[in-house]
2 protein chains.
Amino acid sequence: MKQYLKVDPWSILEESFDPANHEISESIFSIGNGYMGQRANFEEQYSGPSLQGSYMAGVYYPDKTRVGWWKNGYPEYFAKVLNSTNWIGIGVFVDGVALDLAECQVKDFVRELNMKEGTLSRRFTAVMKDGKELAVESVRFVSIVRHEIGAIRYAVTPLNFSGELRFAPYLDGDVKNKDSNYEEKFWLEVEKSAGADLSYLTVKTKKLDFHVTSIMAFDVEQGGKRLELTPAFHEQEKFVSAEVAVTASANETVTLFKYVANVTSRDHGLGDLVKAGTEALRSAKQAGFDTLKREQAEAWAKKWEMSDIIIDGDVSAQQAIRFNIFQLNQTYSGEDDRLNIGPKGFTGEKYGGSTYWDTEAYCLPFYLSTAESDIARNLLIYRYKHLEKAKENARKLGFTKGALYPMVTMNGEECHNEWEITFEEIHRNGAIAYAIFNYVNYTGDKSYLGEYGLEVLVEISRFWEQRVNFSQAKGKYVMLGVTGPNEYENNVNNNWYTNRIAVWTMEYTLEALGEVKAQDSAHYHALVEKLGLEETETKQWQHIIDNMYYPYDEERGVFLQQDGFLDKELIAVKDLDPKHLPINQNWSWDRILRSCFIKQADVLQGLFFLGDRYDLDTKKRNFDFYEPMTVHESSLSPCVHAILACELGYQEKAYEMYLRTARLDLDNYNNDTEDGCHTTSMAGTWMAIVQGFGGLRVNDGELVLRPFIPSHWTSFSFKVMFRGSLLQVNATEDNIIVTNESDAPAAIRIYDQSYTVAAKSQVQAQRLEPSALS
Amino acid sequence: MKQYLKVDPWSILEESFDPANHEISESIFSIGNGYMGQRANFEEQYSGPSLQGSYMAGVYYPDKTRVGWWKNGYPEYFAKVLNSTNWIGIGVFVDGVALDLAECQVKDFVRELNMKEGTLSRRFTAVMKDGKELAVESVRFVSIVRHEIGAIRYAVTPLNFSGELRFAPYLDGDVKNKDSNYEEKFWLEVEKSAGADLSYLTVKTKKLDFHVTSIMAFDVEQGGKRLELTPAFHEQEKFVSAEVAVTASANETVTLFKYVANVTSRDHGLGDLVKAGTEALRSAKQAGFDTLKREQAEAWAKKWEMSDIIIDGDVSAQQAIRFNIFQLNQTYSGEDDRLNIGPKGFTGEKYGGSTYWDTEAYCLPFYLSTAESDIARNLLIYRYKHLEKAKENARKLGFTKGALYPMVTMNGEECHNEWEITFEEIHRNGAIAYAIFNYVNYTGDKSYLGEYGLEVLVEISRFWEQRVNFSQAKGKYVMLGVTGPNEYENNVNNNWYTNRIAVWTMEYTLEALGEVKAQDSAHYHALVEKLGLEETETKQWQHIIDNMYYPYDEERGVFLQQDGFLDKELIAVKDLDPKHLPINQNWSWDRILRSCFIKQADVLQGLFFLGDRYDLDTKKRNFDFYEPMTVHESSLSPCVHAILACELGYQEKAYEMYLRTARLDLDNYNNDTEDGCHTTSMAGTWMAIVQGFGGLRVNDGELVLRPFIPSHWTSFSFKVMFRGSLLQVNATEDNIIVTNESDAPAAIRIYDQSYTVAAKSQVQAQRLEPSALS
């Protein structure tokens, strides 16, 4: 844990430069626009420790490295998110000496992530080794309006000298990944050109032939006037730069504006890359930095209009939730249904592949509630489009029918190869089915089932049908050899959650079949034919539903995480010597596996997903049993515990859980933020507030709210989109006020009372004390 | 399966050249001397598919490649057996055209591994593209007398032409491993020199700085006379050659003798390598090829004197068992207690690390019975010397005391990184304890316990003590999260074999403590002090011994392989569609894991090791239950089943099991011999004959024999060393004849009758029919 950032409601602020924090800040101050992203690397040279990271969404590398004993069925590659062309770089030379913050004294340093407007800025005074002092101010952003455009304003003012300032903006494709084996580089040069008007560089990946063209142009101003300069060009392997020199007097500012377009072969034909990039760049440069920045601020204002959460009485919490919402919005914009949400967004290269079950289990609710429904719908269609590959994946594992979605994927293919995950963490299939339910339940868009959802559900149910077997010893269906959500258990039998979500999938599939049939009988029959669905199959699903085995402890009245769980030494986390924590950094894997300690919600994940099927007493018994053994070493864990704790009236526990992720990256809680931010878990923090403290549910088509205010806050409010209405929920000391900002009335429930909120008006209900809630 | 080799009692013969078989033959015809080994690559250039392999024992590379999610406690590297300097190479040019069997017609090809004398020879007629025909004969060996020396005689006779023959013997260190990622090479040049007298090349590994110096000298003879030739030298990176040209008339033979010394920094100081190699080489060259070859034949005759098995009535079986004995003897000579037995010996690079539990569980009995006891003793001392590293390994996994021996090792450190193996296949620790028992029981050398054995036993018992935990639910000690000998189950609870061998270790440790105390009380107390052994520890071991949980099926009366085994679908291998076999090539890992199919003896391994503790009925019930589900996809499996089958009177099953490994490589049964031979499993074949068909046991210090003759054989005999006596056991149609070839009497039992065999004499007992045996 490291707290060096200043608390502020709308900005992340670092007010002095400590190289030891730099890589953490590079992660936290990252900027992105769903299409590309960039760690907060310095524009000028920096010879200190730094993790360079420029990422283009959907551009990856299939790494074939093999170790250990290969398992049949493994995917051919392990996907790597690629660090791509460094387009932010600007060499800065003061009378011939490179400006490098590792080589000079840095004063009055401020780095700011302006979340309201979506910009990263920095200012500082550098004292060079020869005593020359200069003030530097930079601002940059990647545009959420023109998604191929990044812009930088970089201003230098000599303070105690007059002299030559040289600037060398560049494009550098000769970059590497930190996680590459043998220092291998992944890019080859295709073409480049340096010119007075613009310079460009096209590189391609060594495998898969992704092409990325970066095109830059720049202006230099002095005393508010654009200078006419003749650059010197420099080219080398995968590198172009244009260098200009300006003579500046003391206190005279020279400002460089660098505009870059990054375009890829995902969006343009190979022959069109330079042309497309040039057009985007020309248009941006013509608009100019200030206009681009204003566009950016306006577009971010619209995002905040939909998704802001306001917390009163706790600026630190306010900053944290906005940071989380900001990161989520800059990671995924929902405009491209080929894209998804990587666990680290655009903030680091770790967790190579892009899409995990995080998307369906944790991120979907955020996008469902804070944007128009087509954004969430695109997340679902992403999986629909991968259905054929998920079927191939199931075939590869020996299933004669059905689909198994990959654990980690870039394009629908599995790209992770650890058997206990790849082959056995199959509950992910349930999360993909659950997301369909969640989307339909939240939006009321039942047409999605007939259009896309049912096919996915049927194929997933077919998978479960074959994945269970009938145990003669138990007289029940069992599911052997799985890894549940708690990845601190591998290859277990009868993981309660997996058994439960499998049966739930089959139940919901049967329900969805009825729903589609009722909607449109002809379409239903066409779908049944397309799917080749037999009555014997649905009968078998019902048989499994009726005869599934669930491990259960009669004595305690709790569902058992898996067979044999009670053979473990049952120890509470609080009774563990803290020096053992986190266990994943201190214990060997076998010790973790045979311990009772739980990485993330597992049985409780099931009680959360299927919350309407279990009574409070059942939830309480299970929560009381499992919570004390849960180490929450996945950042995806605390939110589920927080939400259940709220439901059970454990307000202090709920707040404790909320705190575990609220400032996870801002305070570097897990001591790993330098690798990148925990982007997908940020959605969990949002859930902890909205579904936990706000108590938001959708039951029978009605939006239900059961808010309580954590004792550390005075009030809070959040906005949600629900079935076309933008609602602001404001929990104050006395009242719950729901304002309908839309043009149509909205039906809601607060605690146990139903209301209709007329367009552009509000309703208000007395706030209940937490003790009255559960 | 591929049968292309000619059956012969003393040789392996390949009588025509088919490039499709070449890589298989390269494995099978490998030669070695315990210090170095060499696949049967051709001396002359060969541009067809070939796996080059020259291996120096104990020289390896720590490969750091990482994929997947790193687990805490993993070793830093994965060891690779290194392909090292190609020292056999001889460029051969006929009027300037390279001889290359992939580029000419090959007639009258014979490749022969002469197992009696330890030589590899080859003869053929090559028809060059221009029609020139030449006869070639080569013989080579690595000396088991001078272990750093290899020698080659290579004779060429033009048949239908006169012309220039050029020979370019070389040393080539610019070699690679087939299993290297990214084509990485592992060797760097240190120095080289080409000279008329001798040429040498020193290379070192990129990591760990192993140095290997290869020094060559050669002579050329024509018409029986040594030629005085002036070579042309050629040097390039990691390569030296000396080239000579000879004019030969039709039918005039030119013979090149190449002598090489390979010396390593394992045995010599870095500064002494060239000197030491030069001395070894000079001495060998002075002795000359014929002398070296005669020495080799004499030394092999001595080995056969101790270890031969004679089978009458089945030449194919005779060839197979000799091949197995030959491979074992050329893999491990017992002279260097830093060395051990790699699963593929010197025949391939697969299974990178060197030492597995194969050594203790399968190989030890062979060396115990076929050599002086110090050879087997050195295998045990190898582990004693690694005790400190095994203790470190246990610490690394969080154990506060005790030792966990590595699954795979080169120098005592673990060098395998798959968690389910590295961290969980801990029964290996039991095999290391069992080997001590086996050695002491066989040799009667109880002093080994006080000298070395007890320390190892105590540290292993300490490991088991901490590895179990007390299950409140069961009221017993349990062992969670292990992988048993059947690696087709991972991370299971209460593997019966592991629980059993753990308890057995503690029992034997307590017994050994008593034994050492009785032998020498002062030494006992010194050892207890050295070990810091507390009475609370031995009491705890006893408590675990008395309260261990063993999964058991009351209904069937069988030990259960692990908890939950009966939840599986129990299917016999014979009921599986044969196209699914072997399942490890056809099924994904998860499917294998949740199936009932057993890779290798697991419960049955325990009933074999601890055979004197279980009655025949128990063995029968378990054999009848597990054998039908066993796929024997480890070559280490069938021998245990064969031995138990013999004991149970299942002679046909025993013979079937014996056949599974007897000609495993000769017939390429598993279709993978091109990767190398299954060296360690060859000891299993030996066991199947001696302990299975021969029924050899050592009970209460007495050698017990219960032979039966497989119906396909007319008689068989084998030799064993037992407590200083060399005994030949001959099972004929009518009698069992035991001949004592030593100078001291030996006490033995045949079936249930005890005998004393006087020195240099024999006893004979009537052979019992198999039906009378069980």
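Cut-offs used in this document
- Residues numbered from 1 in each chain as written.
- Chains lettered and ligands numbered in written order.
- Predicted model: local features only at pLDDT ≥ 70, side-chain atom pairs only at ≥ 80, totals over all residues.
- UniProt positions renumbered as here; feature names shortened; annotations may be inferred.
- Contact = placed C-beta atoms within 7 Å.
- Helix = DSSP H or I, 4+ residues; strand = E, 2+ residues; numbered from the N terminus.
- Nonpolar A, V, L, I, M, F, W, Y, C, P; charged D, E, K, R; others polar.
- Least-squares fit on C-alpha atoms with pLDDT ≥ 70 in both.
- Pairing = 2+ DSSP bridges.
- Axes fitted to C-alpha atoms, helices over the stretch in contact; angles between N-to-C directions.
- Buried ≥ 20, exposed ≤ 12 C-beta atoms within 10 Å, placed from the backbone.
- Arc of directions from axis to C-beta.
- Parallel < 35°, antiparallel > 145°, perpendicular 65-115°, else oblique.
- Left-handed = near helix turned anticlockwise from the far one by under 90°.

Going by an unreviewed UniProt entry, chain A carries the name Glycoside hydrolase family 65 protein and comes from Paenibacillus rhizolycopersici. According to UniProt, the comment filed for chain A under the heading Sequence similarities (unreviewed entry) is "Belongs to the glycosyl hydrolase 65 family."

**Student:** Explain the interface of chain A and chain B to me, using residue names and the numbers behind them.
**Tutor:** Contacts between the two partners involve 45 residues from chain A and, on the opposite side, 45 residues from chain B. Those elements that place two or more of their residues in the side of chain A that touches chain B are β22 (469-471), α14 (583-586) and α15 (589-594) of chain A. Ranked by the residues each element gives to the side of chain A that touches chain B, the list is headed by α15 of chain A, at five residues. Residues that form the side of chain A that touches chain B fall into these classes: 14 nonpolar, 17 polar and 14 charged.

**Student:** Any details on the relation of the copies chain A and chain B? Residues and values, ideally.
**Tutor:** Between chain A and chain B, which share one sequence, the superposing operator has a rotation angle of 179 degrees and an axial displacement of 0.0 Å; the RMSD is 0.1 Å. The two molecules are tied by a two-fold rotation axis, judged by turn and shift. Of the residues that chain A buries at the interface, 100% are likewise interface residues in chain B, meaning the two copies contact each other through the same surface.

**Student:** Explain the sheet that holds strand β32 (residues 753-757) of chain B residue by residue, including any values.
**Tutor:** All names here are of chain B. If you walk across this open sheet you meet the four strands as β26-β27-β31-β32, and the pairing is mixed. Edge positions in the sheet fall to β26 (697-699) and β32, since each has one partner strand and no second. Here the average twist between neighbouring strands, direction ignored, is 35 degrees. Two elements, β26 and strand β27 (residues 702-705), share three bridges in a ladder whose sense is antiparallel. Among the inter-strand pairings, R697 is bridged to a residue of β27, identified as V704.

**Student:** An account of unusual backbone geometry is needed here, citing residue identities and associated values.
**Tutor:** Residue and element names in this part refer to chain A. L581 connects to P582 through a cis peptide bond whose omega is -10 degrees. Secondary-structure assignment places P582 in the loop between β25 (558-559) and α14. One non-glycine residue with positive phi stands out, namely Y751, at about 50 degrees. With respect to the helices, strands and loops of the structure, Y751 is situated in the loop between β31 (746-750) and β32 (753-757).

**Student:** Got a sec to walk through the environment of I88 of chain B? Specific residues and values, please.
**Tutor:** All names here are of chain B. Secondary-structure assignment places I88 in the loop between β6 (78-81) and β7 (90-94). Judged by local crowding, I88 falls into the buried class, with 28 C-beta atoms found within 10 Å. I88 sits 83 residues away from L171 along the chain, and the two C-alpha atoms are 7.6 Å apart. Discounting chain neighbours no more than four positions away, the residues touching I88 are Q38, N41, E43, R140 and I152.

**Student:** Now, about helix α7 (residues 387-396) of chain B: what can you tell me, with residues and values included?
**Tutor:** Residue and element names in this part refer to chain B. Of the residues making up α7, those classed as buried are A390, N393 and A394. On an axial view of α7, the arc spanned by its buried residues comes to 100 degrees, and they lie on one face. As for α7, its buried residues are in contact with α10 (447-467).

**Student:** Lay out the sheet that holds strand β33 (residues 761-766) of chain B in plain terms, naming residues and giving numbers.
**Tutor:** All names here are of chain B. Taken together, five strands build an open sheet; the order of strands is β21-β28-β29-β30-β33 and the sheet is antiparallel. Each edge of the open sheet is held by one strand with a lone partner, namely β21 (309-312) and β33. With strand direction ignored, the average angle separating the axes of adjacent strands in the sheet is 15 degrees. When β21 meets strand β28 (residues 715-722), the two strands line up antiparallel, connected through four bridges.

**Student:** Let's hear about the packing of helix α9 (residues 427-443) of chain B against α10 of chain B: which residues, and what values?
**Tutor:** Residues and elements named next belong to chain B. The contact between α9 and α10 brings their axes to 10 Å, and the two run at 155 degrees. As the angle between them shows, α9 and α10 are arranged roughly antiparallel. Like other packed secondary-structure pairs, α9 and α10 cross with a definite hand, here left-handed. Between α9, through N429, I432, A433, I436, Y439 and V440, and α10, the contact on the second element is made entirely by Y448, L449, G453, V456, L457, I460 and F463. In terms of residue class, the contact of α9 with α10 is made up of 11 nonpolar, two polar and no charged.

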